[in-house]
Amino acid sequence: MKIAIASGKGGTGKTMVAANLAFTLSQTCQVTLVDCDVEEPNLHLFFPAPATVADVNVAVPVINETTCDRCGICGEFCQYGAITVLASRVLFFPELCHSCGGCTLVCPKSAIHEVPKRIGTVTFATPLPRLNLVTGYLDAGNPHAVPVIRAAKKAAENDNLVICDASPGTSCPVVETLDGCDACILVTESTPFGMHDLELAVDVAERLGIPAGIVINRSDGQDQATLDFCTNHGLEVIMTIPFDRGIAAIQSRGDLLCRVRPEWLKAFSALYGKCCALAGVD
Amino acid sequence: MIRLAVISGKGGTGKTMITAALADLLPGTLVLADCDVDAANLALLLDPELIRTEPFIGMKSAVIDPAVCTACGECEMHCRFDAVHAEGDAYRVNPIRCEGCAVCVHVCPVKAVTMQPRQTGEVMYSQTERGHLVHARLVPGAGNSGLLVHAAKKMALEQDRDCDLFLIDGPPGTGCPLISTISGVDVVLIVTEPSVSGLHDLRRVVAVCRQFRPQILVAINRFDLDESLTDSIRKWCAEEKIPLVGLIPFDAVVIDSVRQGIPVTRAGASPAAQAIQILKTNLKQELTHYNNKR
């Protein structure tokens, strides 16, 4: 069972839901939590523990200037503008490279080979006896989040119960996180912003064919518009968390709602049950 | 023209609310761009009147002609993005995964693959009370958000280059859309919040900004929700020599104004609106200072 937590809008409480769901499940079974918000990963703040680190590398081309005859075919082929061939030398812009390997394939002189380049890291920790935490980190200034997300998810591919915390948004990092998950939880808030972005997130889940359930966070009772939206789209609201300065304070200092207020364990257990129902498993 | 981007690292700290209020308060001529193209919300507060919409064509994407494909599998073998899979008697490209590299076109022995342009979003140009607004909409699940950010910024700069201020509502995160947003801007205002996540993400986004050399400013939203974490952020900013230009309290009026679709500074006198007035005054000073230095 793989569950993704996503939202469209940032700051709705994805990480809070992911952390508490994993904490709850770890009371009774083995669970792996994967932080796929590799641009700004936060789950480790809620589960401090010693971690081992592995580099995430992508392949980038190196051009042998003595074999290269500056024919320009690689520069013409590269769809990302990462290679510019001048009369006397070849310029390579690594931040534009998508590591497709095309330049090595098209070079008639076999003057290009690939070497690994680090773009981020994946760390592994066991903060609780039955909880593994895998965190992807994108190196500062690197634009390519997707390969780091892929590496973090791969580290958990053989685990039975996996929870993936996505980044905000609706573009490629979110698609990469949701891909292959059995169900997704979309966390929203009852404001026009929350609603606008929920609609986009629902669209992404639908395009990927992943069943989605809605969590309304920081509810101040004015949820009717969100509830109507869910009814119209055949979506179930699988949890509502009230607005409460106490809950906000627990979260902001890096603690867990279910640890401080164990009465919430039952609600997060029920949330897991709803996810299983969405995914069609017992 | 000064180019100012409001960003945050962590999502949901209040970028859009603050951008709309600053648009309302800052003097001079303005052009606005919403560069959070994944989930653009600024228009919801500015009551824009649409002038025109332009399609956004991102990277081309590969298409396999099933009538020509011999199902040899070379394309799947060479695709690094796991975008090509067998489907019946032919192979098919998943457009959501395709990054447009064209390696499959190169390796196909029967020329069954072509690169086709694909609309992955649209850019909208509107009139608001405070100037023109450019906002964009990415097709949900599409890639190229960094390119779309670039297209939105370009439209604003081409149409309104004579404005005093180019005010950008940025995306969360530190990746491709954020880098595209801050490249070429003069000043970034980072909106953070007093939480362990807020501080952690602030440090990371500052590290990214420093690779681009804009002047960095910080404001703390909902600062009173955890005064001790607010102190930690204040201390960190002082150590890093980053001016702290605003402290906005938690205020229910903020959510009310979002529900009304107006900047909080238009929703009557409130503690949040008052704090944003002070933020504006500090910001104006920093911008004048920046201009003089330039």
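That block above? That's the structure.
The following refers to the structure shown. (Residues numbered from 1 in each chain as written. Chains lettered and ligands numbered in written order. Predicted model: local features only at pLDDT ≥ 70, side-chain atom pairs only at ≥ 80, totals over all residues.)

### A few points about the environment of A:Thr12
- Relative to the elements of secondary structure, A:Thr12 occurs in the loop between strand E1 (2-6) and helix H1 (14-25).
- Sequence-wise, A:Thr12 and A:His98 are 86 residues apart; in three dimensions their C-alpha atoms are separated by 31 Å.
- Once residues lying within four places of it in the same chain are set aside, the contact partners of A:Thr12 are A:Ser7, A:Val187, A:Thr188, A:Glu189, A:Gly194, A:Asn217 and B:Gly12. (Helix = DSSP H or I, 4+ residues; strand = E, 2+ residues; numbered from the N terminus. Contact = placed C-beta atoms within 7 Å.)

### Structural notes on the interface of chain A and chain B
- Listed per partner, the contact involves 47 residues of chain A and 50 residues of chain B.
- Where the side of chain A that touches chain B is concerned, the elements lending two or more residues are helix H4 (102-106), helix H6 (172-178), helix H7 (192-208) and helix H9 (245-252) of chain A.
- Broken down by element, the side of chain A that touches chain B gets its largest block of residues, eight residues, from H7(A).
- Looking at the side of chain A that touches chain B residue by residue, the class counts come to 19 nonpolar, 21 polar and seven charged. (Nonpolar A, V, L, I, M, F, W, Y, C, P; charged D, E, K, R; others polar.)

### Details of the pairing of strand E10 (residues 212-219) of chain A
Residue and element names in this part refer to chain A.
- The buried count for E10 comes to seven of eight residues, which makes it a mostly enclosed element.
- For strand E9 (residues 183-188) and E10, the ladder comprises five bridges, and the chain directions are parallel. By the bridge assignment for E10, Thr 188 is matched with Ile 216.
- Where the polypeptide runs from E9 across H7 and back to E10, its parallel neighbour, the crossover connection is right-handed.
- Pairing analysis gives four bridges linking E10 to strand E11 (residues 237-242), with the strands arranged parallel. Bridge pairing links Ile 216 to Thr 240 in E11.
- Once you follow E10 into helix H8 (residues 224-232) and on to E11, the crossover reads as right-handed. (Buried ≥ 20, exposed ≤ 12 C-beta atoms within 10 Å, placed from the backbone. Pairing = 2+ DSSP bridges. Right-handed = clockwise from strand over helix to strand, strands pointing away.)

### Considering the packing of helix H1 (residues 15-25) of chain B against helix H10 (residues 271-293) of chain B
Residues and elements named next belong to chain B.
- At a closest axis distance of 10 Å, the pairing of H1 and H10 adopts a crossing angle of 65°. What the angle tells us is that H1 and H10 run roughly perpendicular. Relative to H10, H1 is oriented so that their crossing is right-handed. On H10, the residues touching Ile 18, Ala 21, Leu 22 and Leu 25 of H1 are Ile 276, Gln 277 and Lys 280.
- Per-class residue counts for the contact of H1 with H10 are five nonpolar, one polar and one charged. (Axes fitted to C-alpha atoms, helices over the stretch in contact; angles between N-to-C directions. Parallel < 35°, antiparallel > 145°, perpendicular 65-115°, else oblique. Left-handed = near helix turned anticlockwise from the far one by under 90°.)

Honestly, that's just the spatial picture; any functional story needs more than this.
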